[in-house]
Amino acid sequence: MAGRLIVVSNRIPTGEGGAGGLIVALHDALAGTGGVWIGALPDAADAPGETLQALSEEPYSRLGYTLSQEEMENFYLGFSNSVLWPLCHRRPDLVELRLEYDASYRSVNRRVARLIAGIADPDDTIWVHDYHFFPLAAELRACGLHNRIGFFLHIPFPSLGDLSVLAQPEDFADWLAHYNLVGLQTQADVARALEMFRADPRAEFMMDGTVKFRDRITSVRSFPIGIDVESFQRDAAAEEERPLGREAPETYLIGVDRLDYSKGIPNRFLAFGRYLETRPHGERPCLLQIAPPSREKVQAYHDITRELEEIAGHLNGAFAELDWTPLRYIHRNVPRHRLARLFRGARGCLVTSYADGMNLVAKEYVAAQDPADPGVLILSRLAGAAEELSDALLVNPYDIDDIANAIEQALSMPLPERQRRHASCLAKVKANDAASWARAFLNVLSVVPGTLAWPGGIDQFADGELL
Ligand code: ADQ
């Protein structure tokens, strides 16, 4: 890469610890090449930030801008998390359309583009992350930037039908076409993105697989995200010396999620209850569910929190005994090294998302296992991870009996079958870790066709003038 790498994400890492796969992957990519990471500062201000604040210079510079309180509500909780999040997670019924959300989303993207344009050199590569910034490349182009700009969407690509719920659905394809490369988690996501372009009369498919959209050329490819396998394995093995003690019951399954309606936690609880009704005599396994609440100001998140408390209460009411609480439901964040230890001790892990870009918990659970005596991953076939981890126990997250049967199967699975399934999943997790994900994306971004449909600069003409 000739110039610097400029990474843009909604949040910028501001402190020590709490590093998930994404942060680690981007940190490695930036530390290797040098560059800049730009994102919003965690605390909202009275007014939108019109400048970038330097947070650090080593080993790469981190620059933050402030969102105003109004933007937190309308851009972040509003358009990003009450329109785009449900839309991409196949819940158009939860979409809340409001003019002020739409206006704030566009104006934040415009302002962030201006801030980036103020520091970008012509040979810098810009890598934009996630649904908060669909229109960012279009805004950067409007500022006159011709740089290579890539986009990675961490969540599922919406279906064509769901897109029509947007007030101006035609903007969506146009926004994406301003990127040189659109990276998605799975082949299924790529298929949905191409379906959207195919249905759009402004798009044309080129012989080399790229999409020509008006005067622009864009490429759409899948780059399944991975985790930092070695560090997770190290944590899990090192912590093994420290017994879990009262932190975990003797025989348990684990679920770890941000508390979100897309993660399918109610059906997981109901399926565990169904399993308990029919379990073999004398077995008393527990489900340890760790799910810190998120985005609580959004009604749908408030509702799912209440629903889960109700189901958990019923389940423990029906099955608990004096010395056995079947469901332990914890609303806190757990430090990563303890999480790795809890994964290693669990006989199974339940990932039952109704829709999920990838689901890193599934990969972390596989990495944390002892290969000699591994637990079993029960994985929703609607999570992106299922495309790679086909030797997990794949379940339909809408089918409670299917999940209950998988729990029974996991708890009674003979050792050779557990080892075989685990070895197959681990090989896939290792083959595609966080660092190789970032490398693969940046390599492709550096070779995909440039922005313009015709070298020489159709860009100098106004949109549509030549069409
Ligand atoms: P998320 O929806 O946040 O990510 P996921 O991929 O599972 O979902 O990542 C969650 C991360 O947070 C994992 O690293 C997990 O260990 C950690 N975590 C969750 N609960 C925790 C807790 N209580 N304590 C400590 N750590 C916790 C989005 C998309 C996913 C996609 C990722 C990355 O929704 O589909 O896989 O981005 O692209």
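Computed from a prediction, not measured in an experiment: that's the story for all the values here.

> Mind showing me how you'd approach the overall build of the protein here?
Along the protein, the regular secondary structure elements total 15 helices and 16 strands. For 467 residues, the compact-globule estimate of 2.2 N^0.38 gives 23 Å, and the C-alpha radius of gyration of the protein, at 23 Å, lies within 12% of that figure. Its C-alpha atoms put the protein at 75 × 50 × 40 Å along the principal axes. Scored against the burial criterion, the 467 residues of the protein give a buried share of 57%.

> Is there a simple way to think about the pairing of strand β15 (residues 376–380) in this case?
Two faces, one strand: in a regular strand the side chains alternate between the faces of the sheet. With respect to burial, β15 is a largely interior element, 5 of its 5 residues being buried. Along β15, one buried face is formed by V376, I378 and S380 and the opposite face, lined by L377 and L379, is buried too. The pairing of strand β14 (residues 348–351) with β15 spans 4 bridges and is parallel. Across the sheet, C349 pairs through a bridge with L377, a residue of β15. Once the chain exits β14 it traverses helix α12 (residues 360–368) before rejoining the sheet at β15, and the crossover so formed is right-handed. In the sheet, β15 pairs with strand β16 (residues 393–395) via 3 bridges, with the strands oriented parallel. The residue of β16 that forms the bridge with I378 is L393.

> Where do I start with the site of the ligand in this structure?
H154, D356, M358, L360 and E364 are the nearest of the 23 residues found near the ligand. With respect to the ligand, the backbone of R332 contributes an N or O atom lying 3.1 Å from a nitrogen atom. In the model, an oxygen atom of the ligand is placed 2.6 Å from a nitrogen or oxygen of the E364 side chain. Alone, the ligand offers 710 Å² of accessible surface; in the complex the protein occludes 86% of this. Residue assignment for the shell around the ligand shows that the elements contributing at least two residues are α11 (336–345) and α12.

> Sorry, what's going on with the domain arrangement of the protein here?
The accessible area lost on association of the parts is a frequent measure of interface size. The domain boundaries assigned to the protein delineate domain 1 (5–226 + 434–445) and domain 2 (229–431). If you average the C-alpha positions of domain 1 and of domain 2, the two centres end up 30 Å apart. Across the contact, 25 residues belong to domain 1 and 22 residues belong to domain 2. Each partner contributes to the roughly 1,800 Å² buried at the junction of domain 1 and domain 2, and carbon and sulfur atoms together form 59% of this total. At the boundary of domain 1 and domain 2, one finds 8 residue pairs in polar contact (both at pLDDT 80 or more). At the level of secondary structure, the elements contributing two or more residues to the side of domain 1 that touches domain 2 comprise α2 (69–88) and α7 (187–198). Looking at the side of domain 1 that touches domain 2 element by element, the count peaks at 6 residues for α2. Within the side of domain 1 that touches domain 2, the residues separate by chemical class into 12 nonpolar, 11 polar and 2 charged.

> What should I look at first to understand the packing of aromatic side chains in this one?
Working definition: an aromatic ring pair is given by the centre-to-centre distance plus the angle between the planes. Throughout the structure, instances matching the rule amount to 23 aromatic pairs. On the numbers, 5.2 Å between centres and 40° between planes, the contact of W127 with W437 is tilted. Residue W127 is found in strand β5 (residues 125–129), and its partner W437 is found in helix α15 (residues 434–447); the two are separated by 310 residues along the sequence. For W127, a relative accessible area of 0% corresponds to the buried category. Taking relative accessible area as the criterion, W437 reaches 1% and is therefore assigned buried. Both rings, one in F197 and one in F213, keep their centres 6.0 Å apart while their planes meet at 70°; by these two values the pair is edge-to-face. With F197 in helix α7 and F213 in strand β9 (residues 211–213), this pair connects stretches of sequence that are 16 residues apart. Here the two residues F197 and F213 agree in accessibility, since each one is buried. Between R198 and the ring centre of F205, over which it is positioned, the NZ or CZ distance is 4.8 Å. Over the aromatic face of W85 sits the side chain of R295, whose NZ or CZ is 4.3 Å from the ring centroid.

The rules we used
Residues numbered from 1 in each chain as written. Predicted model: local features only at pLDDT ≥ 70, side-chain atom pairs only at ≥ 80, totals over all residues. Heavy atoms only, no water. Helix = DSSP H or I, 4+ residues; strand = E, 2+ residues; numbered from the N terminus. Rg over C-alpha atoms; globule rule 2.2 N^0.38 Å. Buried < 20%, exposed > 50% of the residue type's maximum accessible area, 1.4 Å probe, protein only. Pairing = 2+ DSSP bridges. Right-handed = clockwise from strand over helix to strand, strands pointing away. Near = heavy atom within 4 Å. Polar contact = N/O pair within 3.5 Å; in protein donor to acceptor, adjacent residues only side chain to side chain. Areas by Shrake-Rupley, 256 points an atom, 1.4 Å probe, with all protein chains shown as cover. Domains from an automatic or database assignment. Contact = heavy atoms within 4.5 Å. Buried area = accessible area lost by both parts, 1.4 Å probe. Nonpolar A, V, L, I, M, F, W, Y, C, P; charged D, E, K, R; others polar. Phe/Tyr/Trp six-rings, centres within 6.5 Å; stacked < 30°, edge-to-face > 60°. Lys NZ or Arg CZ within 6 Å of the ring centre and 35° of its normal.

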